[in-house]
Amino acid sequence: MQVLPKGARHIPGYLDRAAQEALVEDIRAVVQAAPLYVPTMPGTGKEMSVRMTNCGSLGWVTDRERGYRYQPTHPGTGLPWPPIPEALLKIWREVSDYPHPPEACLVNFYTEAAKMGLHQDRDEAALDAPVVSVSLGDSCLFRVGETSRSGPTVSIRLDSGDVVILGGEGRLCFHGVDRIYPATSTLLKNGGRINLTLRRVTKPSPPRHIR
Ligand code: SIN
Ligand code: MN
C-alpha cells in the first residue's frame, strides 16, 4: 500500500460505469463547442503531448508568447468556454469541502504516447480550494510528490472513474503522468485517457454586510 503525501487523496472507483459513460457524453459536447488544441510551453514553444480544452468561466491555457494563464475564452475560436457539466459540479460539491463552486475545468486528452511532466498547479489565486481530478478511459501511472520538486514521489495507478484530490497541505504537491496503459479500458471507443481537473481560480469576494 502506497502512502500518498498529506492532503493528497485517491478515491478509486468513485464513478460507476454508467456515470462514466454519461460524463464522456458531457465531455464530447464540451469538445464540440471548444475543440481540443495543442498547448505549447512558455518561451520555447515546444508542443505538449497532451491535447487540451476547458469548460467553466475560466480556462487554463499556455502558449509560447504569453505562458501559463487563465482566460475566459478559447484560444482558437475566441468564444467563451462552455459551462462545467452538472455531473462535475456535483462531484466538486461532494468531495471538495469548499463552499464555492469551481470556475475552471481543464480537459486533458492523452493518446497512448502522451504524458505530463512533474509540475505544481499554482496559477490559481484561491490556493485554499483543492484541485479535484477525475480520470476516464485508459489507466495511467500517476506520480505525486511533495511541495518541493526534489522531494520523494509515490506512483499510483489511476483507473477510469477514479477521483484524486489535492487539497490543504497537498494542494501544491508536484504531480504528473508518467505513462498511459493502452487498451486498459473500453470506455472510449478509440482508446486514450481523459483527465478532468476542477479548480477554483479567483478568491471568492467576502460576504457583504447589510449594515
Ligand atoms: C494535470 O495535472 O493537469 C493532469 C493530471 C492527470 O492527468 O491525472
Ligand atoms: Mn496538474
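I will try to describe carefully the structure that is included in this document. Quick caveat: nothing in here was measured; it's all calculated off a predicted structure.

Some words on helix H2 (residues 86-95)
So, point 1. Among all positions in H2, only Leu88, Ile91, Trp92 and Val95 are buried. Buried positions in H2, seen along its axis, are confined to an arc of 100° and lie on one side of it.
So, point 2. Those residues of H2 hidden inside the fold are in contact with strand S1 (8-11), helix H1 (17-33), strand S5 (104-110), strand S7 (131-137), strand S10 (163-166) and strand S12 (193-199).
So, point 3. Note on H2: the residue one or two positions beyond its end, Asp97, has a positive phi of about 55°.

Comments concerning the site of ligand 1
So, point 1. Ligand 1 sits among Asn108, Tyr110, Met116, His119, Phe142, His175, Val177, Arg193, Asn195 and Arg199.
So, point 2. Taking His175, its side chain carries an N or O atom lying 3.0 Å from an oxygen atom of ligand 1.
So, point 3. Residue Arg193 places a side-chain N or O atom 2.8 Å away from an oxygen atom belonging to ligand 1.
So, point 4. Burial of ligand 1 by the protein chains amounts to 97% of its free accessible area of 260 Å².
So, point 5. For the shell around ligand 1, the leading source of residues is S12, giving three residues.
So, point 6. Taken together, the residues of the shell around ligand 1 sort by class into four nonpolar, four polar and two charged.

Regarding the sheet that holds strand S11 (residues 175-181)
Strand pairing in a sheet is mediated by backbone hydrogen bonds. Such pairs are either parallel or antiparallel.
So, point 1. One open sheet accounts for four strands, arranged S6-S11-S8-S9; its pairing is antiparallel. On the outer flanks of this sheet lie strand S6 (116-119) and strand S9 (154-158), each paired with one strand and no other. Across the sheet, the mean angle from the axis of one strand to that of its neighbour is 25°, orientation sign disregarded.

Let's talk about the layout of surface pockets
So, point 1. Its volume calculated, the largest pocket comes out at about 570 Å³.
So, point 2. Forming the walls of the largest pocket are 33 residues, and the residues nearest its centre are Met48, Met116, Gly117, His119 and Asp121.
So, point 3. Sorting the residues of the lining of the largest pocket by element identifies S5, S6, S7, S10, S11 and S12 as the ones contributing at least two each.
So, point 4. The calculated volume of the second largest pocket comes to roughly 250 Å³.
So, point 5. Forming the walls of the second largest pocket are Val24, Ile27, Arg28, Val31, Leu36, Val107, Phe109, Leu188, Lys189, Asn190, Gly191 and Ile194.
So, point 6. Looking at the lining of the second largest pocket, the elements that each hand over two or more residues are H1 and S5.
So, point 7. Top contributing element to the lining of the second largest pocket by residue count: H1, with four residues.
So, point 8. Class assignment for the residues of the lining of the second largest pocket results in eight nonpolar, two polar and two charged.

Here is what the cut-offs are and how they apply
- Residues numbered from 1 in each chain as written.
- Chains lettered and ligands numbered in written order.
- Predicted model: local features only at pLDDT ≥ 70, side-chain atom pairs only at ≥ 80, totals over all residues.
- Heavy atoms only, no water.
- Buried < 20%, exposed > 50% of the residue type's maximum accessible area, 1.4 Å probe, protein only.
- Helix = DSSP H or I, 4+ residues; strand = E, 2+ residues; numbered from the N terminus.
- Arc of directions from axis to C-beta.
- Contact = heavy atoms within 4.5 Å.
- Near = heavy atom within 4 Å.
- Polar contact = N/O pair within 3.5 Å; in protein donor to acceptor, adjacent residues only side chain to side chain.
- Areas by Shrake-Rupley, 256 points an atom, 1.4 Å probe, with all protein chains shown as cover.
- Nonpolar A, V, L, I, M, F, W, Y, C, P; charged D, E, K, R; others polar.
- Pairing = 2+ DSSP bridges.
- Axes fitted to C-alpha atoms, helices over the stretch in contact; angles between N-to-C directions.
- 1 Å grid on protein atoms, 1.4 Å probe; cavity = no way out; pocket = protein on both sides within 12 Å on 5 of 7 lines; lining within 4 Å.
- Points joined across faces, edges and corners; volume = space filled by probe spheres on them.

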